[in-house]
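# Results of the structural survey
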Amino acid sequence: MLTFSDISASYDGKNQAITGLSFTVDQPAIVGIVGPNGAGKSTFIKAALQLIPSEGTVTSEGKKLNTFQKTIAYVEQKTAVDYTFPITVKEVVSLGLYPQLTLFQRIKSKEWQKVTTALESVQMADFAERQIGELSGGQFQRVLIARTLVQDAKYIFLDEPFVGIDAMSEAIIIDLLRTFREQGKTIFIVHHDLGKVTEYFDELVMMNQRLIAYGPTASVFTEANLKKTFGDAIIVKGGVSDD
């Protein structure tokens, strides 16, 4: 169970980016986070994880965030990555091991085997020695998912993981995320393609600076909630889109 209580954040200490988002995810699920551009979807994740100044609390089974932070994996948007940085694919994945290691502890062969297994799971083992700048967008996103796999996080937050990637990578990633859910993990995904919502997500957060609706996708992904979230101009029938 993960509870978000009154999550709020501002751009400059005055103008609110998001206000008072509260909801509880009480079972393993793939949770979509949707809303128009500027709705604060990415800001919500960063605020909830205390990556930016914010208000509100996140608790798991009544425990505060700082007590279970090592069980959380966060994958930011690919646009925030420096692809010229001299780091290999396997080294990126190995970063997921560090929350489990003690200070100055080196990665041993047993841990490197976890890295290899994770890369095999996303069909990227043959790229282990490649520098990340040599990868396509879809390949790099699969590497980031492999990093969460070695971390063995219970809660995974992904910011627009399907933007600019190929169909094969998207299929591999969503299949792996479904496996994660079956293993008892909860995955939160900031997403923009409304055409995939019912296919991908068990539960849905609909927001536009504040919470519009939260619940099972089949219950909350309605024409009324879409209009509340995106405005009356959204095309609801015959190809829903927020672009």
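This structure is a prediction, so every number in the text was calculated from the model and none was measured.

### Some remarks on the layout of surface pockets
By volume, the largest pocket is sized at about 220 Å³. Lining of the largest pocket is provided by 14 residues; of these, E76, V81, F140, L144 and R147 occupy positions nearest its centre. Counting only elements with at least two residues in the lining of the largest pocket, the list comes to β6 (72–75) and α4 (137–151). Looking at which element gives the most residues to the lining of the largest pocket, the answer is α4, with three residues. Its residues assigned to classes, the lining of the largest pocket shows 11 nonpolar, no polar and three charged.

### With respect to the side chain of S94
As for its position among the elements, S94 is in helix α2 (residues 89–94). With relative accessibility at 4%, the residue S94 sits in the buried group. A distance of 2.7 Å separates a polar side-chain atom of S94 from the backbone oxygen of E91. The residues touching S94, leaving out its near neighbours within four places in the chain, are I107, W112 and V115.

### Some details on the pairing of strand β1 (residues 2–10)
Looking at chain direction, β1 and strand β2 (residues 16–25) are connected through six bridges and run antiparallel. Along β2, the bridge assignment pairs S10 with Q16. Examined bridge by bridge, β1 and strand β4 (residues 55–60) share five bridges and lie antiparallel to one another. Bridged to L2 within β4 is S60.

### Considerations on the confidence of the model for the chain
Confidence in the prediction of the chain, expressed as mean pLDDT, is 89, and 91% of residues score 70 or more. Within the model, the stretch residues 237–243 combines pLDDT values under 50 with 15 contacts to residues more than four positions away or in other chains.

### As for the sheet that holds β2
If you trace the four strands from one edge of the open sheet to the other, you get β2-β1-β4-β5, paired in antiparallel fashion. Two strands in the sheet have a free side with no partner beyond their single neighbour: β2 and β5 (63–64).

### Some details on the pairing of β4
Pairing between β4 and β5: two bridges, direction antiparallel. Within the sheet, the bridge partner assigned to T59 lies in β5 and is K64. Between β4 and β5, which follow one another and run antiparallel, lie two residues, and E61 among them has a positive phi close to 55°.

Thresholds, definitions, all that
Residues numbered from 1 in each chain as written. Predicted model: local features only at pLDDT ≥ 70, side-chain atom pairs only at ≥ 80, totals over all residues. Heavy atoms only, no water. 1 Å grid on protein atoms, 1.4 Å probe; cavity = no way out; pocket = protein on both sides within 12 Å on 5 of 7 lines; lining within 4 Å. Points joined across faces, edges and corners; volume = space filled by probe spheres on them. Helix = DSSP H or I, 4+ residues; strand = E, 2+ residues; numbered from the N terminus. Nonpolar A, V, L, I, M, F, W, Y, C, P; charged D, E, K, R; others polar. Buried < 20%, exposed > 50% of the residue type's maximum accessible area, 1.4 Å probe, protein only. Polar contact = N/O pair within 3.5 Å; in protein donor to acceptor, adjacent residues only side chain to side chain. Contact = heavy atoms within 4.5 Å. Pairing = 2+ DSSP bridges. pLDDT = per-residue confidence, 0-100.

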